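For reference, the chains in residue letters:
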Amino acid sequence: MALEQLLERIKNQKVIILGFGKEGVSTYRFIRRHFPKMNLVIADGNENLKVDEFAEDKHVKFIKGKEYDRNLNHYDLIFKSPGISFNRLDYYIENEKITSQTNLFLEYFHQHVVGVTGTKGKSTTSSLIFHILQHARGNVFLAGNIGTPFFDIVEQLDSESIVVAELSAHQLEFVHHSPDNAVLLNIYQEHLDHFNSFNTYQIAKMNIFKFQQKGNFLVYNGDDEHIPGWVKGYKPESDTCIFGTQIHPGLHVRCKNHLIRFMNDGEIVDEYDLIDYKNLPGTHNYFNIMAAISICRRLGVKHNDIMDALLTFKGLPHRIEYVGEFKGIEFYNDSISTIPESAIAAVKALRGVDTLILGGYDRGIDYQILIDFLKENPIPNIAFTGPAGHRMLEMCREQNALPKNYIETDDYQEIVRFAYNKTPQNGVVLLSPAAASYNQFKNFEERGSYFKQLVVGD
């Protein structure tokens, strides 16, 4: 029924697909499966976009180059890919015309969705929820920002299916619907090159619960500096569960040392002892685990099934990933780290980093919190790379926070040699850049993979 409603929404509309990356191609193929002769326009800013594969489609027109986003009001539906920003537009677009896979999927399939967002931890938490549900009940899908577009799975869903959806701020920016079950992990400064301000970025994130209704469920971080105020301001009708380190009225979950306890008005409802759990190191991962358990309990997963699944879950690549021990030195790849808070969390999780690799693409993030941390927790060897690394180095120099040994270079081979030369036996080397990768790499995965290749092959 929901699929038919979705198709009816698209039928007979004048459609433009804005951005022809993975999601744009997915949207095109979905529409073509159901409307083989619908006229479509595909617009992308890449003048060299390869479209040979679609040359035989006589009902599609491509617009490429700088003027790809002109005259968008000529269309009934604008399928905006997540990475497309409207900041440069000099004209107003009617808001009801703007849609996306995420918006339509949440409109017609919201009852199936566990939505997970936050600046950091989205992929780990989404994957953990998926792993637990797969272990306990099956018929669960993992989609969204983690790699699988929603339209690629929509025809496979039945009335009992659950979709764990990792949702970025880019995906949430223009949605008008929320998932029935939502997780809000944390909010830090991020993606300021896409959003006009940190406030606009936060507003986009709040769409994860803004449209929830009575009987829906929201799990959120009560320790976060920003989230409780937003929740209080929006006053969602949904049931809530707060996680963190503090005690709250009503249902909440808190961690203390290795214990995760579910509390209801001061009484212990359930308890998970993770004293022997080492798959996800660090306090920040305890927060991810609390969020995942909260959702799974809500969906009826039993205590023992949750514990069994936790013990078989492995962390994701590029997230404090243990690369291995080479020449008596341990190497960790945390390339996913694109903000100072995540680099700090990684250093804390490993408890004894000797060499740290910082820097990359500079998006104007405030790094003072990281410099303050390095003052109080000196790391003897630091490699600074890229424009962001240069700015961090200058801040360290100005604030008398220079490490004992440091290097500034964009050459990762030189960085790895520095790490091998300066790190003591049984020491720890951590790549946790606190910056995006776009100045040198396609994405954080490519950066992390290249680092691992150099470490292993050195």
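Described below are features of the structure shown in this document. As the structure is a prediction and not an experimental result, all values here were calculated from the model. (Residues numbered from 1 in each chain as written. Predicted model: local features only at pLDDT ≥ 70, side-chain atom pairs only at ≥ 80, totals over all residues. Heavy atoms only, no water.)

### Describing the packing of aromatic side chains
Threshold: Stacked, tilted and edge-to-face are the three classes assigned to paired rings of Phe, Tyr and Trp, where Trp is represented by its six-membered ring and a pair needs centres within 6.5 Å; plane angles under 30 degrees give stacked, over 60 edge-to-face, the rest tilted. The helix count covers DSSP runs of H or I at least four residues long, the strand count covers runs of E at least two residues long, and both are numbered beginning at the N terminus. A simple rule labels every residue: compare its accessible area, found with a 1.4 Å probe on the protein chains alone, to the largest value its type can have, and call it buried under 20%, exposed over 50%, or partly exposed in between. For a ring to carry a charge above it, either NZ of a lysine or CZ of an arginine must fall within 6 Å of the ring centroid while also lying within 35 degrees of the normal to the ring plane.
According to the stated counting rule, one finds 25 aromatic pairs in the structure shown. A centroid spacing of 5.1 Å and a plane angle of 85° characterise the contact between tyrosine 28 and phenylalanine 54, whose relative ring orientation is edge-to-face. Of this pair, tyrosine 28 sits in helix α2 (residues 22–34) while phenylalanine 54 sits in the loop between β2 (40–44) and β3 (60–64); the two residues are 26 residues apart in sequence, bridging distant segments of the chain. The exposure classification of tyrosine 28 matches that of phenylalanine 54, with both residues buried. Plain terms: the ring middles of phenylalanine 105 and phenylalanine 109 are 5.0 Å apart, the flat faces sit at 15° to each other, and that makes the pair stacked. Taken together, the positions of phenylalanine 105 and phenylalanine 109, both in helix α3 (residues 101–109) and four residues apart, correspond to about one turn of that helix. Each member of the pair, phenylalanine 105 together with phenylalanine 109, is buried. One aromatic cluster is present, formed by Phe20, Tyr28, Phe54 and Phe62 through successive ring pairs. Over the ring of tyrosine 75 we find lysine 14; its NZ or CZ atom is 5.6 Å from the centre of that ring. For the cation-ring pair, lysine 80 lies above phenylalanine 86, with the distance from its terminal atom to the ring centre recorded as 5.8 Å.

### Considerations on the side chain of serine 81
Filter applied, for reference: Throughout, a contact is declared for two residues whenever any of their heavy atoms are within 4.5 Å.
Relative to the assigned elements, serine 81 resides in the loop between β4 (77–80) and β5 (98–99). Accessibility expressed as a relative area gives 10% for serine 81, which makes it buried. With near-sequence residues (within four places) excluded, serine 81 lies in contact with Leu18, Gly19, Glu23 and Gly24.

### Looking at a negative patch on the surface
This is how the line gets drawn: Think of a patch as exposed residues, more than 30% relative accessible area, with no salt bridge, where like charges cluster within 9 Å and nonpolar side chains (Val, Leu, Ile, Met, Phe, Trp, Tyr) cluster within 5 Å. Computed by Shrake-Rupley with a 1.4 Å probe, the accessible areas treat only the displayed protein chains as cover when residues are assessed. Salt bridge criterion: a side-chain nitrogen from Lys or Arg within 4 Å of a carboxyl oxygen from Asp or Glu. Here Asp and Glu are counted as negative and Lys and Arg as positive; His is not counted, and neither are the chain ends. Note on charges: their place is set at NZ of Lys, CZ of Arg, CG of Asp or CD of Glu.
A cluster of acidic residues, Glu408, Asp410, Asp411 and Glu414, forms a negative patch at the surface. The topology assignment puts aspartate 410 in the loop between β19 (405–408) and α13 (412–422).

### Some details on the packing of helix α10 (residues 340–350) against helix α11 (residues 368–376)
Heads up, the condition is: Convention adopted: a line fitted to C-alpha atoms gives each axis, helices being fitted over their contacting stretch, and angles between N-to-C directions are expressed from 0 to 180 degrees. Our angle categories are set so that under 35 degrees counts as roughly parallel, over 145 as roughly antiparallel, 65 to 115 as roughly perpendicular, and the remainder as oblique. By definition, turning the near helix anticlockwise from the far helix through less than a right angle yields a left-handed crossing, and turning it clockwise yields a right-handed one. Note on residue classes: Ala, Val, Leu, Ile, Met, Phe, Trp, Tyr, Cys and Pro are nonpolar, Asp, Glu, Lys and Arg are charged, and everything else, Gly too, is polar.
Where α10 contacts α11, the two axes come as close as 8 Å, and the packing angle between them is 25°. By the angle between their axes, α10 is roughly parallel relative to α11. The handedness of the crossing between α10 and α11 is left-handed. Between α10 and α11, the residues in contact are Pro340, Glu341, Ile344, Val347 and Lys348 and Ile369, Leu370 and Phe373, respectively. Considering only residue class, the contact of α10 with α11 consists of six nonpolar, no polar and two charged.

### Examining α3
The buried fraction of α3 amounts to eight of the nine residues, a majority that puts the element mostly inside the structure. Along α3, the residues classified as buried are Gln101, Thr102, Asn103, Leu104, Phe105, Leu106, Tyr108 and Phe109.

### So, the pairing of strand β10 (residues 217–221)
For clarity, the threshold we go by: The pairing criterion for strands is at least two bridges between them, as found by DSSP. With strands facing away from the observer, any crossover in which the path from the first strand over the helix to the second runs clockwise is taken as right-handed.
Of all five residues in β10, five are buried; the element is thus mostly enclosed. Neither face of β10 is exposed, since Phe217, Val219 and Asn221 on one face and Leu218 and Tyr220 on the opposite face are all buried. By the bridge criterion, four bridges tie strand β9 (residues 181–184) to β10 in an arrangement that is parallel. The partner of alanine 182 across the bridge, within β10, is leucine 218. Alignment of β10 against strand β11 (residues 239–244), held across five bridges, turns out to be parallel. Bridging across to β11, phenylalanine 217 finds its partner in aspartate 239. Traced from β10 through helix α7 (residues 227–234) to β11, the parallel crossover comes out right-handed.

### Some words on the packing of helix α6 (residues 198–210) against α7
If you want to describe how two helices pack, look at the angle between their axes and the distance between the axes. It is the contact of α6 with α7, at a shortest axis distance of 11 Å, that shows an interaxial angle of 60°. With respect to each other, α6 and α7 are oriented oblique. As α6 packs across α7, the resulting crossing turns out to be right-handed. Contacts between α6 and α7 pair Asn199, Gln202, Ile203, Met206, Phe209 and Lys210 from the former with Trp230, Val231 and Tyr234 from the latter. Considering only residue class, the contact of α6 with α7 consists of six nonpolar, two polar and one charged.

### A word on the nonpolar core
As a reminder, the rule being used: Among the buried residues, those of types Ala, Val, Leu, Ile, Met, Phe, Trp, Tyr and Cys that are joined through side-chain atoms within 4.5 Å form a nonpolar core.
Of all hydrophobic cores here, the largest spans 57 residues; its most connected members are Leu6, Ile10, Val15, Phe30, Ile31, Phe79 and Phe109. Counting residues per element, this core draws most heavily on α6, which supplies six residues. Setting aside anything within four residues of it in sequence, one finds valine 15 in contact with Ile10, Ile31, Met38, Asn39, Leu40, Val41, Tyr75, Leu77 and Phe79. Val140, Cys296, Met307 and Leu310 belong to the second largest nonpolar core, which has 39 residues in total.

### Some thoughts on the environment of asparagine 288
Here is the rule we go by: In protein, a polar contact means a hydrogen-donor-capable atom and an acceptor-capable atom, both N or O and within 3.5 Å, with residues adjacent in sequence counting only if both atoms are side-chain atoms; elsewhere, any N or O pair within 3.5 Å suffices.
Tracing the chain through its elements places asparagine 288 in helix α8 (residues 283–298). Between the C-alpha atom of asparagine 288 and that of isoleucine 415, which follows or precedes it by 127 residues, the distance is 31 Å. Excluding anything up to four places from it in sequence, asparagine 288 contacts Gly121, Thr124, Thr125 and Leu185. Engagement of the side chain of asparagine 288 in a polar contact is seen with the side chain of asparagine 285, the distance being 3.0 Å.

### Quick word on the pairing of strand β18 (residues 381–385)
The buried fraction of β18 is high, at five of five residues. Going residue by residue along β18, you find Asn381, Ala383 and Thr385 tucked away on one face and Ile382 and Phe384 tucked away on the opposite face as well. Bridging between strand β17 (residues 355–359) and β18 involves five bridges; their strand directions are parallel. Note that in β18 the partner of threonine 355 across the bridge is asparagine 381. Running through α11, the crossover from β17 to the neighbouring parallel element β18 is right-handed. Both β18 and β19 contribute to a ladder of four bridges, which runs parallel. When the bridges of β19 are listed, alanine 383 appears paired with isoleucine 407. The β-α-β motif built from β18, the intervening helix α12 (residues 386–398) and the parallel element β19 has right-handed crossover chirality.

All we've got here are geometric facts, nothing functional implied.
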